[in-house]
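# Survey of secondary and tertiary structure
Listed here are the chains, written in short residue letters.
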Amino acid sequence: MINSWNDDQDFQRFIDAGGMVEPRDEMPEGYRHEVFRFIEFHANSELMGGLTERDWIPRAPGVRLKQIFLAKTQDEIGHAHLLYQVAADMGVKSRTEMLEQLFAGTSRFHNVFHYQAVTWADQIAIAYLVDAAAFASQRAVFAECSYGPYKRVLKRIVAEEGFHMRHGEEMLLRLAEGTRTQRSMFQAALDRWWWPAVQLFGPDSDPNDPLLAWKIKSQPNEQLRHAYIQKYVPLLQGYGFEIPDANLRFDEQAADGKGAWVTTDIDWEPLIATMRQGGPDSRRRIMTAAENYRDTAWVRAALETAATARVAS
Ligand SMILES: [Fe+2]
Ligand SMILES: [Fe+2]
């Protein structure tokens, strides 16, 4: 059955009642474009994240970690593939247009993939902090998610991100129990990655954000960010590391008397810079990805030729 609605209020009633929108349904143009933009951003982020993981396969210490990082790279590129397909089916841009805009530097992706991973400890910080932040924000989308195809692929993506997060935890615990050098390497990585991971959730949501009303986001950004800080501050301190925030304090009165960790006021400038491709490693990352796309054009052409030949025969 193909759903259609009399007007935007009728569509909103359907969403409020827990309705699920499918690609062939009619949908308000605002919904189509906003949901498309959200999924395209997610797809771009998975692809750029996957390329970072790939960079570290040759440098991963030992065969076991190489296998794990190979699998993780495949997971992330797989997530991107699924999401580009879901986005393309919304009829706003083709998959090729999305990829070409990403590699031309005119499309956006998550702030954390605009920074350089300097040491192996950075890879561990990424797996522990960034995969956890991505997991929390994707799980919050999955919780409601009114767009059917997105919800279905998120089920798999969230499950796999859960593995990445657990693996990050395992690697962090090894470093935490390791030598003084290993611990100080992780502390330096934490100094580099703490704020980008916290900023991944974005500034406070506009209460009128249509993505909240349309149940693509199930919680405003500030709630997700708050929960993340409450969970990771005591964990990292418990492992003996220091959060790079001189004003961090536990306020007994916060959260209606339950108490909460309160951070310094967040400087959003670094996040805004990444959205303009002006992050510390944005140019190199986009250029490397674009070169890679050009170098592999022959694979896509060969597949296209084989597919055309099969149809013709
Ligand atoms: Fe992923
Ligand atoms: Fe991941």
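The text that follows walks through the structure, step by step, so that each part is easy to find. These numbers come from a predicted model, not from an experiment.

## Quick notes on the overall build of the chain
Looking only at helices and strands, one finds 12 helices and 2 strands in the chain. Scanning the chain from its N terminus toward the C terminus, one meets helices and strands in the order α-α-α-α-α-α-α-α-α-β-β-α-α-α. The C-alpha radius of gyration of the chain comes to 21 Å, within 12% of the 20 Å expected for a compact globule of 313 residues. On the principal axes, the C-alpha backbone points of the chain span a range of 65 × 50 × 30 Å. Evaluated residue by residue, the chain yields a buried proportion of 49% over its 313 residues.

## Some details on the coordination of the iron ion (ligand 1)
Under perfect tetrahedral coordination by four donors, a metal shows angles of 109.5 degrees; under perfect octahedral coordination by six donors, it shows angles of 90 or 180 degrees. Coordination sphere of the iron ion (ligand 1), protein contribution only: Glu46 (OE), Glu76 (OE), His79 (ND1) and Glu161 (OE), at 1.8 to 2.2 Å. Between the donor residues of the iron ion (ligand 1), the gaps in sequence give the motif E-x29-E-x2-H-x81-E. In this structure, the iron ion (ligand 1) lies 3.8 Å away from the iron ion (ligand 2), the two metals sharing Glu76 as a donor. Linking Glu46 in helix α2 (residues 29-55) with Glu161 in helix α6 (residues 148-176), this pair joins segments that are 115 residues apart in sequence. With respect to burial, Glu46 and Glu161 carry one shared label: buried.

## Focus: helix α3 (residues 63-88)
Its 26 residues give α3 an end-to-end C-alpha distance of 37 Å, which sits within 8% of 38 Å, the value for a rise of 1.5 Å per residue. For α3, the full list of buried residues reads Leu65, Phe69, Lys72, Thr73, Glu76, His79, Ala80, Leu83, Tyr84, Val86 and Ala87.

## Considerations on the coordination of the iron ion (ligand 2)
The protein atoms donating to the iron ion (ligand 2) are Glu76 (OE), Asp131 (OD), Glu161 (OE) and His164 (ND1), with metal-donor distances spanning 2.0 to 2.2 Å. When the donors of the iron ion (ligand 2) are listed by position in the chain, the intervening gaps give E-x54-D-x29-E-x2-H. Note on Asp131: relative accessible area 5%, which makes it buried. With a relative accessible area of 2%, Glu161 lands in the buried category.

## Description of the environment of Met98
In this structure, Met98 sits in helix α4 (residues 95-103). Take Met98: its relative accessible area is 0%, and that puts it in the buried class. Placed 10 residues apart in sequence, Met98 and Ala88 show a C-alpha to C-alpha distance of 8.5 Å. With sequence-adjacent residues up to four places away left out, Met98 is seen in contact with Phe36, Glu40, Tyr84, Ala87, Ala88 and Lys93.

## Considerations on the packing of aromatic side chains
Summed over all chains, the structure comprises 17 aromatic pairs. A centroid spacing of 6.5 Å and a plane angle of 70 degrees characterise the contact between Trp194 and Trp195, whose relative ring orientation is edge-to-face. Like Trp194, the residue Trp195 is buried in the burial classification. A network of ring pairs unites the aromatic residues Tyr128, Trp194, Trp195, Phe201, Tyr228, Tyr232 and Tyr239 as a single cluster. Over the aromatic face of Phe142 sits the side chain of Lys151, whose NZ or CZ is 4.6 Å from the ring centroid. When the ring centre of Phe241 is taken as reference, the NZ or CZ atom of Arg183 above it lies at 5.0 Å.

## Looking at helix α1 (residues 8-16)
Think of an α-helix as turning once every 3.6 residues; residues three or four places apart then point the same way. Along α1, the positions that sit buried rather than exposed are Asp10, Phe11 and Ile15. Down the axis of α1, the buried side of the element spans an arc of 140 degrees, and every buried residue falls inside it. With respect to the buried face of α1, the exposed residues turned more than 90 degrees away are Gln9 and Arg13. Check the buried side of α1 and you find it contacts α2 and α8 (210-213).

## Considerations on the nonpolar core
Judged by nonpolar contacts, the single largest core of 90 residues is most densely connected at Tyr31, Leu129, Tyr147, Tyr150, Trp194, Tyr228 and Leu236. Those residues within four positions of Tyr228 in sequence are excluded, and the remaining contacts are Leu129, Ala132, Ala133, Trp194, Ala197, Val198 and Phe201.

## Looking at the side chain of His110
Position of His110 among the secondary structure elements: in the loop between α4 and α5 (120-143). Take His110: its relative accessible area is 17%, and that puts it in the buried class.

## A short note on the pattern of salt bridges
Side-chain pairs of opposite charge can arise where the charged atoms are in close proximity. Inspection of every chain in the model, using the stated rule, returns 18 salt bridges. Salt-bridge contacts for Asp209 lead to Lys217; the nearest nitrogen and oxygen are separated by 3.3 Å. The residues Asp209 and Lys217 share a single accessibility class, namely buried.

Thresholds, definitions, all that
Residues numbered from 1 in each chain as written. Chains lettered and ligands numbered in written order. Predicted model: local features only at pLDDT ≥ 70, side-chain atom pairs only at ≥ 80, totals over all residues. Heavy atoms only, no water. Helix = DSSP H or I, 4+ residues; strand = E, 2+ residues; numbered from the N terminus. Rg over C-alpha atoms; globule rule 2.2 N^0.38 Å. Buried < 20%, exposed > 50% of the residue type's maximum accessible area, 1.4 Å probe, protein only. Donors = N, O, S within 2.8 Å, 3.2 Å for Na, K, Ca; no water. Expected span 1.5 Å × (residues − 1). Contact = heavy atoms within 4.5 Å. Phe/Tyr/Trp six-rings, centres within 6.5 Å; stacked < 30°, edge-to-face > 60°. Lys NZ or Arg CZ within 6 Å of the ring centre and 35° of its normal. Arc of directions from axis to C-beta. Core = buried A, V, L, I, M, F, W, Y, C linked by side-chain atoms within 4.5 Å. Salt bridge = Lys/Arg side-chain N within 4 Å of Asp/Glu carboxyl O.

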